[in-house]
Amino acid sequence: ADLDSIAGAIGAALLHGGTSARASEINSETKFALNYWKLDCPASIEELLQEQPDQKVCLVDFQQQSQMNPIINMDNIVGVIDHHAIQGNAIVTDKPIFI
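**Quick notes on the overall build of the chain**
- The helix and strand tally for the chain stands at 3 helices and 4 strands.
- Across the chain, helices and strands are ordered from the amino to the carboxyl terminus as α-β-α-β-α-β-β.
- Radius of gyration (C-alpha) of the chain: 13 Å, near the 13 Å computed for a compact globule of 99 residues.
- When its C-alpha atoms are laid out on the principal axes, the chain stretches across 40 × 30 × 25 Å.
- In the chain, which comprises 99 residues, the proportion classed as buried is 35%.
- Here the contacts in the chain between residues at least 6 apart in sequence split such that 36% fall between residues at least 24 apart.
- For the chain, the exposed area adds up to about 6,700 Å²; of that, 56% sits on carbon and sulfur atoms.
- Treating the 5 positive side-chain charges of the chain as one cloud and the 13 negative ones as another, the clouds have centres 6 Å apart.

What follows is the structure, encoded as structure tokens:
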């Protein structure tokens with residue numbers, strides 16, 4: 001996971017009262033920043049959703065279906081925070097979400 005995805009997840013969790021999670025192992029830049037600011041690395045999304053499978057999810061730093069972890073239930077997505085341009089194959093839900 002790169003720095004913008006981890007920092008975005010931590011910031012969004014603090015702002016909205018949630019729990020940050022990461023999609024993959026962190027890279028060296030992210031590890032340096034977390035160590036510098038004395039922050040814990042977020043748990044993996046698999047760990048969090050195994051403990052709480054009905055947890056609401058806000059996707060951070062991506063909106064492509066092809067990038068989404070299959071453990072995430074589409075019905076539990078409540079938002080997307082992303083700075084990338086929306087492209088084809090973007091997340092589509094049956095209910096409104098915050099983008």
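**Focus: the pattern of salt bridges**
- Under the counting rule described, the total for this entry stands at 1 salt bridge.
- For the salt bridge of Arg 22 with Glu 25, the shortest nitrogen-to-oxygen distance reads 3.5 Å.
- Using a relative accessible area of 12% as the deciding quantity, one classes Arg 22 as buried.

**As for the nonpolar core**
- Within the largest apolar cluster, 12 residues are counted, these being Ala 21, Ile 45, Leu 48, Leu 49, Val 57, Leu 59, Phe 62, Met 68, Ile 72, Ile 77, Val 80 and Ile 91.
- For this core, the secondary-structure elements that each account for two or more residues are helix 3 (45-51), strand 3 (57-60) and strand 4 (77-81).
- Ranked by residue count, the leading element in this core is helix 3, at 3 residues.
- With near-sequence residues (within four places) excluded, Ile 72 lies in contact with Ile 45, Leu 49, Val 57, Leu 59 and Ile 77.

**Observations regarding helix 2 (residues 28-36)**
- Along helix 2, the residues classified as buried are Thr 30, Ala 33 and Leu 34. The arc that holds the buried residues of helix 2, viewed along the axis, is 100 degrees, so those residues lie on one side. Residues of helix 2 that are exposed and point over 90 degrees away from its buried face: Ser 28, Lys 31, Phe 32, Asn 35 and Tyr 36.
- Tucked into the core, helix 2 has its buried residues touching helix 1 (3-16).
- A side-chain oxygen of the first residue of helix 2 lies 3.3 Å from the backbone nitrogen of Glu 29; this N-cap is Asn 27.

Rules used in this analysis
Residues numbered from 1 in each chain as written. Predicted model: local features only at pLDDT ≥ 70, side-chain atom pairs only at ≥ 80, totals over all residues. Heavy atoms only, no water. Helix = DSSP H or I, 4+ residues; strand = E, 2+ residues; numbered from the N terminus. Rg over C-alpha atoms; globule rule 2.2 N^0.38 Å. Buried < 20%, exposed > 50% of the residue type's maximum accessible area, 1.4 Å probe, protein only. Contact = heavy atoms within 4.5 Å. Areas by Shrake-Rupley, 256 points an atom, 1.4 Å probe, with all protein chains shown as cover. Lys, Arg positive; Asp, Glu negative; His and termini not counted. Charge placed at Lys NZ, Arg CZ, Asp CG, Glu CD. Salt bridge = Lys/Arg side-chain N within 4 Å of Asp/Glu carboxyl O. Core = buried A, V, L, I, M, F, W, Y, C linked by side-chain atoms within 4.5 Å. Arc of directions from axis to C-beta. Polar contact = N/O pair within 3.5 Å; in protein donor to acceptor, adjacent residues only side chain to side chain.

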